[in-house]
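Each chain is listed here by its residues.
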Amino acid sequence: MAAPTKRVRETPASRKDKNNTNQADESELLTVPDGWKEPRFTREDNPKGLLEESSFATLFPKYREAYLKECWPLVQRALGDVFINATLDLIEGSMTVHTTKKTYDPYAILRARDLIKLLARSVPFEQAVRILQDDVACDIIKIGTLVRNRERFVKRRQRLIGPKGSTLKALELLTNCYVMVQGNTVSALGPHSGLKEVRNVVLDTMKNIHPIYNIKTLMIKRELTNDPELRTQSWERFLPNFRHKSVSKRKQPKKKKMTKKKEYTPFPPPQPDSKIDKELASGEFFLHENEKRRKKMKEIKVKQAEALSKRQEERQKDFIPPKEKPAVKKTKAAPIEDKIDIQAIKEKVKKAKTKKLGAPPANPDSSSVKDTKTKKKKIKS
């Protein structure tokens with residue numbers, strides 16, 4: 001008989017060491033080694049080619065027609081290297097790509113489909129051709145339906161571009177992607193990791209989160225990736241945590257009306273009286289139809305008379321003259337300084353009479369006697 005084996009109990013320290021080693025192995029498997037590149041797909045990998053032909057088509061706007069007409073020979077030459085035919089239909093406004101018997105790469109048709117999509121979304125040919133490379137992918141983000149208000153959508157889209165395209169340029173440098181904002185879509189072209197970051201930034205911007213916050217986090221992540229010690233650690237302590245503040249609140253009036261709250265009662269409000277109940281209360285229910293008609297006619301006539309009198313009053317308003325205020329002349333009281341001093345005038349007149357400047361004598365009777373005496377003397381002589 002074989003000797004019985006002894007079971008060794010695992011201590012918590014040994015368990016921790018075992019978990020750490022497993023985590024380290026998983027992290028090594030997930031990380032891509034530096035300088036590693038996927039081998040290129042050649043004809044030797046698929047010598048017999050494809051079983052069936054497949055094709056894709058996409059429409060393009062009218063303003064792209066002139067540019068596509070010029071660069072279409074270059075598109076055909078680039079796709080001809082992968083043995084894919086491309087046709088441009090200017091009447092219908094569409095581009096189509098389809099495989100041939102010589103096509104050996106099954107994924108080439110998907111790259112050609114992405115190429116014509118990027119060309120339709122205003123991406124220049126020099127950038128769109130990069131999609132035919134193995135390590136380059138594309139992502140077309142639809143942002144037109146994310147914001148309902150058109151003015152708000154335009155503002156947020158402009159915020160993504162930034163002043164003179166500075167925000168978009170910073171995003172391109174940090175993600176190693178080409179980003180094109182056109183109309184209701186954002187076209188991105190680059191590596192898969194960069195495309196993921198671009199999509200997050202674009203969607204956050206449309207949710208009213210400024211792109212500068214995401215750009216800051218990308219800059220910190222870029223610095224942390226250069227440090228080999230921090231690759232396996234969590235970066236939460238280094239990354240900034242921006243909280244979204246809900247500033248938009250309902251505007252309240254300056255002067256609030258003080259309304260008293262009604263007391264809570266468990267009973268429902270009383271049921272309103274019906275038409276029959278009102279007629280029973282007033283006694284109309286027991287009247288004959290002729291009497292009811294007469295009453296209604298009286299009420300109508302009273303209302304008509306009131307309306308007629310109001311109309312006549314409004315018409316007569318234009319003919320009633322406005323009340324004029326009585327004209328009262330305001331007499332200015334003479335100032336005290338301008339009052340005439342009669343005594344001073346009398347004294348001046350007396351002084352003027354005493355002077356021998358042709359003024360009459362003080363006693364008029366004596367002057368007349370002297371004149372008669374002089375006349376008599378002249379007659380005697």
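Residues numbered from 1 in each chain as written. Predicted model: local features only at pLDDT ≥ 70, side-chain atom pairs only at ≥ 80, totals over all residues. Heavy atoms only, no water.

**Thoughts on the sheet that holds strand 4 (residues 137-142)**
Where strands meet in a sheet, backbone hydrogen bonds hold them as pairs that are either parallel or antiparallel. Spatial strand order, 4-6-5: three strands in an open sheet with antiparallel pairing. Both outer strands of the open sheet, strand 4 and strand 5 (178-182), are each paired with one neighbouring strand and no more. Strand-to-strand twist across the sheet, computed as the mean angle between neighbouring axes with direction ignored, equals 15°. Bridge count between strand 4 and strand 6 (residues 185-190): six bridges; the pairing is antiparallel. Directly across from Lys-142, in strand 6, lies its bridge partner Thr-185. Running at roughly 10° to strand 4, helix 7 (residues 192-206) makes contact with strand 4, strand 5 and strand 6 of the sheet. (Pairing = 2+ DSSP bridges. Helix = DSSP H or I, 4+ residues; strand = E, 2+ residues; numbered from the N terminus. Axes fitted to C-alpha atoms, helices over the stretch in contact; angles between N-to-C directions. Contact = heavy atoms within 4.5 Å.)

**Remarks on the pattern of salt bridges**
Under the defined criterion, the tally for this structure stands at six salt bridges. Across the pair Lys-62 and Glu-65 runs a salt bridge, and its minimum N-O distance is 3.2 Å. A salt bridge links Lys-295 to Glu-284; its shortest N-O distance comes to 3.4 Å. Linking Lys-295 in helix 10 (residues 289-316) with Glu-284 in the loop between helix 9 (275-282) and helix 10, this pair joins segments that are eleven residues apart in sequence. Shared partners join several salt bridges into a network, and the residues in it are Asp-105, Arg-111 and Asp-134. (Salt bridge = Lys/Arg side-chain N within 4 Å of Asp/Glu carboxyl O.)

**A short note on a nonpolar patch on the surface**
Taken together, Ile-276, Leu-280, Phe-285 and Phe-286 make up a surface patch of nonpolar side chains, about 420 Å² in accessible area. If you trace the backbone, Phe-285 turns up in the loop between helix 9 and helix 10. Given a relative accessible area of 39%, Phe-285 falls into the partly exposed group. (Patch = residues over 30% accessible without salt bridge, like charges linked within 9 Å, V, L, I, M, F, W, Y side chains within 5 Å. Areas by Shrake-Rupley, 256 points an atom, 1.4 Å probe, with all protein chains shown as cover. Buried < 20%, exposed > 50% of the residue type's maximum accessible area, 1.4 Å probe, protein only.)

**Focus: the pairing of strand 2 (residues 84-89)**
Direction of pairing for strand 2 relative to strand 3 (residues 94-99): antiparallel, over a ladder of six bridges. Of the residues in strand 3, the one forming a bridge with Asn-85 is His-98. Here strand 2 folds back onto strand 3, and the loop between the two strands holds four residues, one of which, Gly-93, carries a positive phi near 75°.

**Considerations on the layout of surface pockets**
Taken as a whole, the second largest pocket spans an internal volume of roughly 400 Å³. Lining the second largest pocket are 16 residues, with Arg-40, Arg-111, Leu-132, Gln-133 and Asp-134 sitting closest to its centre. (1 Å grid on protein atoms, 1.4 Å probe; cavity = no way out; pocket = protein on both sides within 12 Å on 5 of 7 lines; lining within 4 Å. Points joined across faces, edges and corners; volume = space filled by probe spheres on them.)

**Some remarks on the confidence of the model for the protein chain**
Confidence in the prediction for the protein chain averages 82 pLDDT; 80% of positions are at 70 or higher. pLDDT under 50 marks residues 1-8. Its contacts with residues more than four places away, or in other chains, come to zero contacts. (pLDDT = per-residue confidence, 0-100.)

**Quick word on the nonpolar core**
The biggest cluster of nonpolar side chains holds 28 residues, and the ones touching the most others in it are Val-75, Leu-79, Met-95, Val-97 and Leu-119. Top contributing element to this core by residue count: helix 3 (residues 108-120), with eight residues. Dropping the residues within four chain positions of it, Val-97 is found in contact with Ser-54, Ser-55, Phe-56, Leu-79, Ile-84, Asn-85, Ala-86, Ile-109, Ala-112, Arg-113 and Ile-116. The next biggest cluster of nonpolar side chains, apart from the first, holds 21 residues, and it includes Leu-160, Leu-168, Val-198 and Leu-218. (Core = buried A, V, L, I, M, F, W, Y, C linked by side-chain atoms within 4.5 Å.)

**Re the sheet that holds strand 1 (residues 55-59)**
If you walk across this open sheet you meet the three strands as 1-3-2, and the pairing is antiparallel. Edge positions in the sheet fall to strand 1 and strand 2, since each has one partner strand and no second. The sheet shows a mean angle of 15° between the axes of neighbouring strands, taken without regard to direction. Note: strand 1 against strand 3, five bridges, orientation antiparallel. Among the inter-strand pairings, Ser-55 is bridged to a residue of strand 3, identified as His-98. Helix-sheet contacts for helix 2 (residues 65-80) involve strand 2 and strand 3, and the interaxial angle to strand 2 is about 165°.

**With respect to unusual backbone geometry**
One non-glycine residue, Phe-83, adopts positive backbone phi at about 60°. For Phe-83, a relative accessible area of 28% gives the class partly exposed. Not every positive phi belongs to a glycine, and Lys-164 is a case in point at roughly 60°. Summarising the element assignment, Lys-164 is placed in the loop between helix 5 (150-161) and helix 6 (166-175). What makes Lys-164 exposed here is its relative accessible area of 90%.

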